[in-house]
Amino acid sequence: MDKRVYPLATKVIELAGTERPADAVLRLVIRDAGHVGKQTAGELSEMVFGYYRWRAFVTPGRTLEYNLHESEDLVRRFTEQPASFSAEDLKRSVPEWVFDEMADVPTAWLRSLQAEPRLWLRSRTGNSGRVLREVPGSVAAPHVLAPEALYYPGKADLFKTTPFQHGVFEIQDIASQAVGTLCAPRHGDRWWDTCAGEGGKTMHLCDLMENKGTVWATDRVEWRLKQLRIRARRAQIFNFRVALWDGSATPPAEGRCNGILIDAPCSGIGTWQRNPHARWTTSPKDLHELAAIQLSMLNNVVDAVKPGGRIVYSVCTLSRAETTAVANAFTAAHPDFEPLVLGADKGASAQRWIWPQDLGGNGMFIAAWKKKKAAGQLTAPE
Ligand SMILES: C[S@@+](CC[C@H](N)C(=O)[O-])C[C@H]1O[C@@H](n2cnc3c(N)ncnc32)[C@H](O)[C@@H]1O
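Here is a short report on the structure shown in this document. (Residues numbered from 1 in each chain as written. Predicted model: local features only at pLDDT ≥ 70, side-chain atom pairs only at ≥ 80, totals over all residues.)

### Considerations on the nonpolar core
Stage number 1. Residues Ala 178, Ile 260, Ile 262, Ile 311, Tyr 313 and Ile 366 are the most contacted members of the largest nonpolar core, which totals 77 residues.
Stage number 2. Examining the composition of this core, we find that seven residues originate from one element, helix α13 (residues 284-301), more than from any other.
Stage number 3. Composition of this core by domain shows at least three residues from each of domain 2 (120-171) and domain 3 (174-371).
Stage number 4. The residues contacting Ile 262, other than those within four sequence positions of it, are Thr 194, Cys 195, Met 297, Leu 298, Val 301, Ile 311 and Tyr 313.
Stage number 5. The next biggest cluster of nonpolar side chains, apart from the first, holds 18 residues, and it includes Leu 8, Leu 44, Val 48 and Trp 54. (Core = buried A, V, L, I, M, F, W, Y, C linked by C-beta atoms within 7 Å. Buried ≥ 20, exposed ≤ 12 C-beta atoms within 10 Å, placed from the backbone. Helix = DSSP H or I, 4+ residues; strand = E, 2+ residues; numbered from the N terminus. Domains from an automatic or database assignment. Contact = placed C-beta atoms within 7 Å.)

See the structure below:
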């Protein structure tokens, strides 16, 4: 191992904090260190994230370098003898407030948080054979909620590969793929992806519509939408329009939608396997503030849906406040919307959970409603 790894990891941990996520600090430290090769960068990242996974298990009061060695030992022990960590031990993987804010804290979830997450790919429709051939080491793992899913256990930088540059696959978590599948947009639909960000789900919706129909992609952050445009150009996706939207009741364009996806900003508890630093920087106050924003977004889009159309709400988090509490409050406030069962698989429900231990990806909560048709209204204006 490069002897700079311990001092660089120590530096990242000292600089990271609530306002400075460890992954961003890591990138800066690598940039400033100069001549950090791919292998060293990989070892450094594993060490930093391993530390945050096991932070509550190391000895307080010792030096960071000592704690880094301890967390390395814990990573090794967890890999080789996972059963040596009891359900009681694993409770320390998350802050204590989690037990008040989540309706259920399964041991299997806590166990999943302590392992390295999988890197998931979504092959563009019908391209999984090509991905398997052109991305050596990729493994097909189709699921009813993510029929084009593959994962990649290797170390190559997939962004630089020819199939990625040619839009043969996207890098997208399997639970995010499930959200697109459950939206089930039809050819010719008009959808609004309100919190499109860099467009992971927008591109999936566009793919599912096979260029027939339109997806409005909005976000309040302009640079994210710019990234979306770059990604879509690479993937040769054209059936979308982009606009800024700040969560208010004004939609991006006139005309009502067949479907609206609110992939809302959230506390991201469902991504703690991938982003262990966030376990220690998120607070219960964040969850409740975000829940208010999420409910207000839902309330603000109701007029933009056609009768018979659907709203799909998704969050990659698992707190009660941001999931069932938001969904139940929306149902109670909008008698003109009925809860809509999504999917036809055995987990089909109008409020569904995808746990990291179920699919090996992020945790996700998805709820949906259908706008009722007014009495006497024969069909939805399609
Ligand atoms: C969970 S991320 C979206 C991820 C994206 N849908 C994807 O699949 O890649 C939530 C997004 O909501 C956006 N956002 C946060 N607050 C917002 C607001 N008040 N109005 C609109 N968008 C907002 C963020 O900029 C972020 O891009």
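And the narrative resumes.
### Details of the site of the ligand
Stage number 1. By nearness alone, 17 residues border the ligand, and Cys 195, Gly 197, Gly 200, Gly 247 and Asp 263 come closest of all.
Stage number 2. Partitioning the shell around the ligand into residue classes produces five nonpolar, five polar and seven charged. (Near = placed C-beta within 6 Å. Nonpolar A, V, L, I, M, F, W, Y, C, P; charged D, E, K, R; others polar.)

### Things to note about the packing of helix α3 (residues 38-53) against helix α4 (residues 64-80)
Stage number 1. Closest axis-to-axis distance for the α3/α4 pair is 9 Å, and the angle between their directions is 85°. Taken together, the axis directions place α3 and α4 in an arrangement best described as roughly perpendicular. Only Asn 67, Leu 68, Ser 71, Glu 72 and Val 75 of α4 make contact with α3, whose side of the interface consists of Met 47, Gly 50 and Tyr 51.
Stage number 2. In terms of residue class, the contact of α3 with α4 is made up of four nonpolar, three polar and one charged. (Axes fitted to C-alpha atoms, helices over the stretch in contact; angles between N-to-C directions. Parallel < 35°, antiparallel > 145°, perpendicular 65-115°, else oblique.)

### Overview of the packing of helix α1 (residues 5-15) against α3
Stage number 1. Relative orientation of the contacting elements α1 and α3 amounts to 50°, with a least axis distance of 9 Å. Relative to α3, α1 is oriented oblique. In this structure, the crossing between α1 and α3 has a hand that is right-handed. Of the residues in α3, those in contact with Val 5, Leu 8, Ala 9, Val 12 and Ile 13 of α1 are Thr 40, Glu 43, Leu 44, Met 47, Val 48 and Tyr 51. (Left-handed = near helix turned anticlockwise from the far one by under 90°.)

### Some words on unusual backbone geometry
Stage number 1. Despite not being glycine, His 35 shows a phi value in the positive range, around 55°.
Stage number 2. With respect to the helices and strands, His 35 occurs in the loop between α2 (22-33) and α3.
Stage number 3. Residue classification places His 35 among the exposed positions, given that 6 C-beta atoms sit within 10 Å.
Stage number 4. At Gln 236, a position not held by glycine, the phi torsion is positive, near 60°.
Stage number 5. Relative to the elements of secondary structure, Gln 236 occurs in the loop between α12 (222-234) and β7 (240-244).

### Observations regarding the pairing of strand β8 (residues 257-263)
Stage number 1. Counted residue by residue, β8 has seven buried out of seven residues, so it is predominantly covered.
Stage number 2. Pairing geometry for strand β5 (residues 190-193) and β8, over three bridges, is parallel. Residue Trp 191 lies in a different strand from β8, and its bridge partner there is Gly 259.
Stage number 3. As judged from the six bridges shared by β8 and strand β9 (residues 305-315), these two strands associate in the parallel manner. What sits directly across from Ile 262, in β9, is Tyr 313. (Pairing = 2+ DSSP bridges.)

### A word on the sheet that holds strand β2 (residues 139-140)
Stage number 1. If you walk across this open sheet you meet the four strands as β2-β3-β1-β4, and the pairing is antiparallel. Looking along the sheet, the strands with just one partner apiece sit at the ends: β2 and β4 (169-171).
Stage number 2. Judged from the three bridges that link them, strand β1 (residues 120-123) and β4 form a sheet pairing that is antiparallel. In the strand pairing of β4, Arg 122 is matched with Glu 170.

### Quick look at the pairing of β7
Stage number 1. Where strand β6 (residues 214-219) and β7 come together, five bridges link them in parallel fashion. Residue Thr 218 lies in a different strand from β7, and its bridge partner there is Ala 243.
Stage number 2. With α12 bridging β6 and its parallel neighbour β7, the resulting β-α-β unit is right-handed. (Right-handed = clockwise from strand over helix to strand, strands pointing away.)

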